[in-house]
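The lines below spell out each chain.
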Amino acid sequence: LSAENIIFEYSKEKRVLNEISFRAREGEFVGITGLSGSGKTTLLHCISGVIPHVVHGHLSGEIRIKDEKIEKNSLSQLLQRVGIVFQDPDNRMVATTVEDEIAFSLENLCLPPEEIRRRVDEILDLFRMRDLRKRKPESLSGGEKQLLAVASVLASDPPVIVMDEPTDALTDSE
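### Re the overall build of the protein
If you tally the helices and strands in the protein, you get six helices and six strands. Mapped from its N terminus to its C terminus, the protein presents α and β elements in the order β-β-α-α-β-β-α-β-α-α-α-β. Expected size for 174 residues packed as a compact globule is a radius of gyration near 16 Å; at 17 Å, the protein falls within 12% of this value. In the protein, which comprises 174 residues, the proportion classed as buried is 41%.

Spelled out as structure tokens, the structure:
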């Protein structure tokens, strides 16, 4: 993943990113830190394609995944290449059970049903969530929801994963 001279403005009066450049190699973990409102979420939205496909403004610069410019990809293509864990895990939940939530992204990849079942079982085991399999996502604690959000993204095995404050819900006492 590389970004070169990323500039993003929601409007002429509101520039959020100013010439951001970095490179992350395969297998690397990169943390982006900064004060609240400093543009971390905006940068993740640029990497994932949420900007400019969903959130509009003026974006310039170049973002590449495996040396391919992401601007050449549709949002659905980008979602196969970039897994997103949002700050609020409730923003991602769409299914009625934990296992269906994990299966959802795999179904969108049009994987065969037996491959979906295998991956769901593998992820449930990996995250020690087998006992939560039939639970409704809305009944989970904040930490369990966040774990489910991460598990759901990892199930589809995207080359890039971006997480927006992934430990925030771990202190949730619900």
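After that view, the rundown keeps rolling.
### Thoughts on the pairing of strand E1 (residues 2–11)
As judged from the six bridges shared by E1 and strand E2 (residues 14–23), these two strands associate in the antiparallel manner. Note that in E2 the partner of Ser2 across the bridge is Arg23. The antiparallel hairpin formed by E1 and E2 contains two residues in its connecting segment. Pairing of E1 with strand E3 (residues 58–65) involves six bridges; the strand directions are antiparallel.

### Comments concerning the packing of aromatic side chains
Within the structure shown, the criterion is met by one aromatic pair. Aromatic side chains Phe8 and Tyr10 sit 4.7 Å apart centroid to centroid with 90° between the ring planes, which places their arrangement in the edge-to-face category. Among the residues examined, Phe8 registers a relative accessible area of 0% and is labelled buried. By relative accessible area, which is 34% here, Tyr10 ends up partly exposed.

### Remarks on the environment of Phe86
Its place among the elements puts Phe86 in the loop between strand E5 (82–85) and helix H4 (98–108). Relative accessible area serves as the criterion here: at 25%, Phe86 is assigned to the partly exposed category. Residues Phe86 and Leu109, spaced 23 residues apart in sequence, show a C-alpha to C-alpha distance of 20 Å. Look past the residues within four positions of Phe86 in its chain and what remains in contact with it is His45, Arg92, Gln146 and Asp164.

### Remarks on the sheet that holds E3
Pairing is antiparallel in the open sheet, where four strands are placed in the order E2-E1-E3-E4. Of all the strands in the sheet, the pair left with one neighbour each is E2 and strand E4 (68–69). Relative to E4, E3 runs antiparallel, the two sharing two bridges. Bridged to Arg64 within E4 is Lys69. Lying on the sheet, helix H1 (residues 40–48) is in contact with E1, E2 and E3; it crosses E2 at an angle near 65°.

### Examining the pattern of salt bridges
For the coordinates displayed, the defined rule picks out 14 salt bridges. Of the charged contacts in the structure, one is a salt bridge between Arg119 and Glu115, with a shortest N-O distance of 2.9 Å. Of this pair, Arg119 and Glu115 are both found in helix H5 (residues 113–126), four residues apart, which corresponds to roughly one turn of the helix. Here Arg119 falls in the buried class, since its relative accessible area comes to 18%. Taking the shortest distance from any N to any O, the salt bridge between Arg133 and Asp121 comes out at 2.4 Å. On the criterion of sequence distance, the pair formed by Arg133 in the loop between H5 and helix H6 (142–155) and Asp121 in helix H5 is long-range, its members being twelve residues apart. What you see here is one network of salt bridges that share partners, running through Glu99, Asp121, Asp125, Arg130, Arg133 and Lys134.

Reading the values: rules and limits
Residues numbered from 1 in each chain as written. Predicted model: local features only at pLDDT ≥ 70, side-chain atom pairs only at ≥ 80, totals over all residues. Heavy atoms only, no water. Helix = DSSP H or I, 4+ residues; strand = E, 2+ residues; numbered from the N terminus. Rg over C-alpha atoms; globule rule 2.2 N^0.38 Å. Buried < 20%, exposed > 50% of the residue type's maximum accessible area, 1.4 Å probe, protein only. Pairing = 2+ DSSP bridges. Phe/Tyr/Trp six-rings, centres within 6.5 Å; stacked < 30°, edge-to-face > 60°. Contact = heavy atoms within 4.5 Å. Axes fitted to C-alpha atoms, helices over the stretch in contact; angles between N-to-C directions. Salt bridge = Lys/Arg side-chain N within 4 Å of Asp/Glu carboxyl O.

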